Structure formats: C-alpha cells, structure tokens
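Residue-level structure breakdown
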Amino acid sequence: MASTQPLRVAGRNGPPPAFVAPILGLAAVGALVMVPLVALAAIPLVLAALMAVGGVVAFGLSVWALIEGLAAFERWIESDRRFQQ
C-alpha cells in the first residue's frame, strides 16, 4: 500500500545559485528575441489566410455576376423583336 506522506518543499530564501542565474538571464533574453520573431512569422500566415478568403469572395462574386449577366441576356433575347417568331 502506498504511503500518503506530504511532499516536502524546500523553502529557499535569497538569490538562486550562481550557475542558475546566467541560465535564467539567457532564457529571458531568448524570450525577448523569440516573441517578436514568432509574431513576425505569423504575418505571412495571416496574409495568406486573408488572400485565400479574398479569393473565395472574388470567385463567389464572379459566379454571381455571371449568373446575373446570363439572366439579363436571356431577358434581352426574349424581349428583342429580332428573336421573336
């Protein structure tokens, strides 16, 4: 049967050990460099998504305009005397 002893957490007061401080400093500098780089890398993805949405919208409007144009052409043929029998 497993024992249920509470975990002991070492209480530390004061600065971290000398070998940990440079690692923490490098991690902070790395975060300052990586966050803007990730943000800059997202720009092409956002632009690509916007262009894809714009392409779909342009295609839909083109199809709608084609259908409307064909409907207008049909109405013109039906009303023009040259095509009446």
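In this report, we go over the structure that sits alongside the text.

Conventions adopted
Residues numbered from 1 in each chain as written. Predicted model: local features only at pLDDT ≥ 70, side-chain atom pairs only at ≥ 80, totals over all residues. Heavy atoms only, no water. Helix = DSSP H or I, 4+ residues; strand = E, 2+ residues; numbered from the N terminus. Buried < 20%, exposed > 50% of the residue type's maximum accessible area, 1.4 Å probe, protein only. Areas by Shrake-Rupley, 256 points an atom, 1.4 Å probe, with all protein chains shown as cover. Phe/Tyr/Trp six-rings, centres within 6.5 Å; stacked < 30°, edge-to-face > 60°. Polar contact = N/O pair within 3.5 Å; in protein donor to acceptor, adjacent residues only side chain to side chain. Salt bridge = Lys/Arg side-chain N within 4 Å of Asp/Glu carboxyl O.

Some words on the overall build of the protein
In terms of helices and strands, the protein carries one helix and zero strands. A total of 85 residues make up the protein; the buried ones form 1% of that total. When the accessible surface of the protein is split by element, carbon and sulfur atoms take 74% of a total near 8000 Å².

A short note on the packing of aromatic side chains
Across all of its chains, the model carries two aromatic pairs by this definition. Ring geometry for Trp76 versus Phe83: centroids 5.6 Å apart, planes at 70 degrees, classification edge-to-face. Residue class for Phe83 comes out partly exposed when judged on its relative accessible area of 45%. By the ring-pair criterion, three or more aromatic residues cluster together here, those being Phe73, Trp76 and Phe83.

Points about the side chain of Asp80
Structurally, Asp80 can be placed in the segment after helix H1 (20-79). Judged by relative accessible area, which is 13%, Asp80 ranks as buried. In terms of polar contacts, Asp80 uses its side chain to reach the side chain of Arg82, at 2.8 Å.

Details of the pattern of salt bridges
Counting across every chain of the model gives one salt bridge. Linking Arg82 and Asp80 is a salt bridge whose minimum nitrogen-to-oxygen distance equals 2.8 Å.

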